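What the coordinates show
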Amino acid sequence: RGSQMGVQKIDIKTIKQIPPQSLLRLINKAKKTIKNDKVWIELCQKYGEDPEIIDLIPTMFGDLDVSARTDHGIIILNYKLLCDGDFEKDYSYLIHEYSHFFQQCYGDKPTKGSDDGEYLKNPVEQEGFQNQVEYIANHEGEDEAEKYVENLLDHHEVNDKKDKEELADVLLEKI
C-alpha cells in the first residue's frame, strides 16, 4: 500500500539514523496494538499460545529486498516501511510475519522458504497473507484488503486470469 497523499516522504538515510531505542518504541507500540487484535488472538489460539507471547518475539528493522522477513523466528522489517511516516498502516506486515514465527517455531518441520517454488502458491505464505488480508479488512475495510491482494498479484506478475482468480479467492478467504 503506497504512500498516502499529503504524507511527507522521509529519505532512507534519515530513517537509518533513528536511534535504536526509538525504533524499539515503534515496534513495542505496534505489538501493544496487535496484542488485542482479533486476528492475533485467533492466531495464538490456533498455536495454543497466550497473546502475551508477542512481547517475546524478536522484531527489528533491517535492510531487506522485501517488506519483511522471518528468519529462524526473528522478524525483520524493512526500514523503507518508515519512509512514509505512517508505520501503523504497516502493522499488517507484522501479522503476516508473526504467522511465520508460529509456523517456524511451533511447527514440526521447517517451513518452505519464500524462494522455493511459486511464492503465492506456498501454503505457508498463503496463511500469512490470509491473516494479513483479514487484518487489513478489519482495520481499513474490505475494499482496501481487495486492493492489497490485487496489487500483490500484480507485483508477483500473476497474469493468467484463472491463476489470478484462484489465488485471489485463497488470499481473500477469511474476509
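Details of the structure are given in the entry above.
A quick note: this is a predicted structure, and the numbers were derived from the prediction, not measured.

Comments concerning the pattern of salt bridges
Taken as a whole, this structure holds 17 salt bridges when the rule is applied. The shortest N-O distance in the salt bridge between E165 and K161 comes to 3.1 Å. In this pair, E165 and K161 are both assigned in helix α7 (residues 161–171), four residues apart and thus about one turn of the helix distant. Relative accessible area serves as the criterion here: at 45%, E165 is assigned to the partly exposed category. Across the pair K162 and E166 runs a salt bridge whose closest N-O atoms are separated by 3.1 Å.

Focus on the sheet that holds strand β2 (residues 68–71)
The three strands are arranged β1-β3-β2 in an open sheet whose pairing can be described as mixed. Looking at which strands have only one partner, the edges of the open sheet turn out to be β1 (59–62) and β2. Going across the sheet, the axis of each strand differs from the next one's by a mean of 30°, ignoring polarity. Note: β1 against strand β3 (residues 74–78), four bridges, orientation parallel. Within the sheet, the bridge partner assigned to M60 lies in β3 and is I76.

A word on the side chain of K31
Relative to the elements of secondary structure, K31 occurs in helix α2 (residues 20–35). Salt bridges are absent for the buried K31, whose nearest opposite-charge side chain, D55, sits at 5.8 Å. Beyond its immediate chain neighbours, meaning those up to four positions away, K31 contacts I54, D55, I57, T59 and Y98.

Considerations on the packing of α2 against helix α4 (residues 91–106)
Where α2 meets α4, the axes come as close as 10 Å, and the angle between the chain directions of the two elements is 75°. In terms of their interaxial angle, α2 and α4 are classed as roughly perpendicular. Note on element contacts: α4 touches α2 through Y91, L94, I95 and Y98, opposite K29, A30, K31, T33 and I34. Partitioning the contact of α2 with α4 into residue classes produces six nonpolar, one polar and two charged.

What counts and what doesn't
Residues numbered from 1 in each chain as written. Predicted model: local features only at pLDDT ≥ 70, side-chain atom pairs only at ≥ 80, totals over all residues. Heavy atoms only, no water. Salt bridge = Lys/Arg side-chain N within 4 Å of Asp/Glu carboxyl O. Helix = DSSP H or I, 4+ residues; strand = E, 2+ residues; numbered from the N terminus. Buried < 20%, exposed > 50% of the residue type's maximum accessible area, 1.4 Å probe, protein only. Pairing = 2+ DSSP bridges. Axes fitted to C-alpha atoms, helices over the stretch in contact; angles between N-to-C directions. Lys, Arg positive; Asp, Glu negative; His and termini not counted. Contact = heavy atoms within 4.5 Å. Parallel < 35°, antiparallel > 145°, perpendicular 65-115°, else oblique. Nonpolar A, V, L, I, M, F, W, Y, C, P; charged D, E, K, R; others polar.

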